[in-house]
Amino acid sequence: MITSFQMRAARALLGIDQKRLAEMAGVSLPTIQRMEASEGNVRGVVDSLIKVVDAFNRAGVELIGEHTRSDSGGRGVRLKQPGPPPKVDG
């Protein structure tokens, strides 16, 4: 399953905003906004989730699941469990 963190990272990798992702996936902007507002795994209608994942795949972004190897090369998105922000000295 895709997480909200992966969605934002994938959009950043492609340099697109939520509106453009909605257009690419054939879903509404509020659907994308709700998905990205989810904590952890994205909640939503399965059909909409599939459309978003397919849109990322067509655009060349590989969404790598937790504990999944990625041996095929190319760019992908993998995020560790979010933790506290790093401390800045100064």
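As a starting point, this report considers the structure included with it. Treat the numbers as computed from the prediction; the structure is a model and nothing was measured. Each chain carries its own residue numbering, running from 1 in the written order of its sequence. Local features are withheld for residues below a pLDDT of 70 in this predicted model, meaning they are given only at 70 or higher, and side-chain atom pairs are given and counted only at 80 or more; totals for whole chains, interfaces and linings count all residues. Excluding hydrogens and water, the side-chain values take into account all heavy atoms of the structure.

1. Re helix H4 (residues 46–58)
Helix length check: H4, at 13 residues, gives a terminal C-alpha distance of 18 Å against a target of 18 Å (1.5 Å per residue), a fit within 8%. The buried label goes to any residue with under 20% of its type's maximum accessible area, the exposed label to any with over 50%, and the partly exposed label to all in between, with areas taken from a 1.4 Å probe on protein chains only. Elements are defined by DSSP. Helices are runs of H or I of four residues or more, strands are runs of E of two residues or more, and each kind is numbered from the N terminus. Turning to H4, its buried residues number three or more, namely Ser48, Leu49, Val52, Ala55 and Phe56. Angularly, the buried residues of H4 cover 125° about the axis, an arc narrow enough to put them on a single face. The exposed set on the far side of H4, more than 90 degrees from its buried face, consists of Val46 and Arg58. The contact criterion used throughout is that any non-hydrogen atoms of two residues lie within 4.5 Å. Summarising the contacts, the buried residues of H4 are in contact with helix H1 (4–14), helix H2 (18–25), helix H3 (29–37) and strand S1 (62–63). Multiply 1.5 Å by the residue count of a helix minus one, and that product is the helix's expected span. Our arc is simply the arc of the directions from the helix axis toward the C-beta atoms.

2. Comments concerning the packing of H1 against H3
One can describe the packing of H1 onto H3 by two numbers: an axis separation of 7 Å at closest approach and a directional angle of 120°. Taken together, the axes of H1 and H3 lie oblique to each other. When H1 is examined against H3, the residues Ser4, Met7, Arg8 and Arg11 are found in contact with a partner set consisting of Ile32, Met35 and Glu36. Only Asp, Glu, Lys and Arg are considered charged, only Ala, Val, Leu, Ile, Met, Phe, Trp, Tyr, Cys and Pro nonpolar, and every remaining residue, Gly among them, polar. Here the residues of the contact of H1 with H3 are counted per class, giving three nonpolar, one polar and three charged. An axis is simply a line fitted to the C-alpha atoms; with a helix, the fit covers only the stretch in contact. Between two such axes, the angle follows the N-to-C directions and lies from 0 to 180 degrees. Angle categories: roughly parallel below 35 degrees, roughly antiparallel above 145, roughly perpendicular from 65 to 115, and oblique for all the rest.

3. A word on the pattern of salt bridges
Between Lys or Arg on one side and Asp or Glu on the other, a salt bridge is scored when a side-chain nitrogen of the former is within 4 Å of a carboxyl oxygen of the latter. Tallied over the entire structure, the rule returns three salt bridges. A salt bridge links Arg11 to Glu36; its shortest N-O distance comes to 2.6 Å. With Arg11 in helix H1 and Glu36 in helix H3, the pair connects residues that are 25 residues apart, well separated along the chain. Across this residue pair, the class does not change: Arg11 and Glu36 are buried. Here Asp47 ties to Lys51 by a salt bridge, and the two come within 3.6 Å at their closest N and O atoms.

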